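What follows is each chain in one-letter form.
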Amino acid sequence: MSPRVVRTLDVETPEAVSVSYPLAGIGSRAVAAVLDMVFLGGLILAELAVAWIAGELLGRAGLDLGRLGAWLLAVLAVVVFVTYWGYFIFGEVFRNGRTPGKRRQRIRVVRLDGSRIGVLESVIRNVVRLVDILPGTYAVGVTAMLFSRQGQRLGDMAAGTVVIAEPLRSATLDRLGPAEERAELVREYLDRRAAFTDDGRWQVGVELLALYGEQPAAGWDEPVVAGRLVDLAGLREELS
């Protein structure tokens, strides 16, 4: 049986540091999409339930539901709209490219240069999702991914993004080598990071963090990643 070929996103930072990211497969992306729809559906159902309870309480209070009901429906429509779009945009922009479904599948969205996705890219890829999802089964998006060298659906192509897989802890540690070599890589990164661009620091920092089987938590920026690397490499006392 032939070995499984893992496609990768290979980028080079302005500092000539090469970084390679394994691309997420269609299967893991499909499962993440289903999970996200389940989570999102649960949120919207909860909002509908709250609106129904509010309507019941207003009716029992003897208030005129004619005008109030219209306002309640208008507010509900706005809340559902914000929830639907905000769910994906918030996860992709503020949680390191990962919605809850993507987080469960250990995949995330990044730009083609490996840097973090921004609001504009997230909005574009999620607006074009309305085309990718056609005819209700993601057939358009899956077809696009099959013919794309980087596994991009139409939304990714329009936004200049790609979905990558997070390395598994065991596989990552197996390919690492001695702890001393990891620590030396961290030292070199810390010595050179001041000369890197912002994206370069982030890309190299995240790649080194992956070598320890970890990934940035929500809200982490590059200085936090650097601090975590200092601890993982056992350099805290040396640098203090």
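Read on for an overview of the structure.

Criteria and thresholds
Residues numbered from 1 in each chain as written. Predicted model: local features only at pLDDT ≥ 70, side-chain atom pairs only at ≥ 80, totals over all residues. Heavy atoms only, no water. Helix = DSSP H or I, 4+ residues; strand = E, 2+ residues; numbered from the N terminus. Buried < 20%, exposed > 50% of the residue type's maximum accessible area, 1.4 Å probe, protein only. Contact = heavy atoms within 4.5 Å. Areas by Shrake-Rupley, 256 points an atom, 1.4 Å probe, with all protein chains shown as cover. Salt bridge = Lys/Arg side-chain N within 4 Å of Asp/Glu carboxyl O. Pairing = 2+ DSSP bridges. Polar contact = N/O pair within 3.5 Å; in protein donor to acceptor, adjacent residues only side chain to side chain.

A word on the overall build of the protein chain
And step 1. Regarding its fold elements, the protein chain presents twelve helices and four strands.
And step 2. In the protein chain, buried positions account for 38% of the 240 residues.
And step 3. Taking all contacts inside the protein chain whose residues are at least 6 apart in sequence as the whole, residues at least 24 apart take part in 64%.
And step 4. In the form shown here, the protein chain has an accessible surface area of approximately 13,300 Å², with 64% of it arising from carbon and sulfur atoms.

Describing the pattern of salt bridges
And step 1. The final tally for this structure, using the stated rule, is six salt bridges.
And step 2. Residue Lys102 pairs with Glu92 through a salt bridge whose shortest N-O separation is 3.9 Å. Of this pair, Lys102 sits in helix 3 (residues 100–105) while Glu92 is found in helix 2 (residues 65–94), placing the two residues ten residues apart along the sequence. The two residues Lys102 and Glu92 agree in class, both being buried.

Things to note about the pairing of strand 3 (residues 107–111)
In regular strands, side chains alternate between the two faces of the sheet.
And step 1. Within strand 3, four of the five residues are buried, which leaves it mostly tucked inside the rest of the structure.
And step 2. Bridge count for strand 3 against strand 4 (residues 161–165) is five bridges, and the pairing is antiparallel. The residue bridging Arg108 from the neighbouring strand is Ile164, located in strand 4.

Points about the side chain of Asp156
And step 1. Relative to the assigned elements, Asp156 resides in helix 7 (residues 154–159).
And step 2. At 2.7 Å, the side chain of Asp156 forms a polar contact with the side chain of Thr161.

Geometry only, nothing functional implied.
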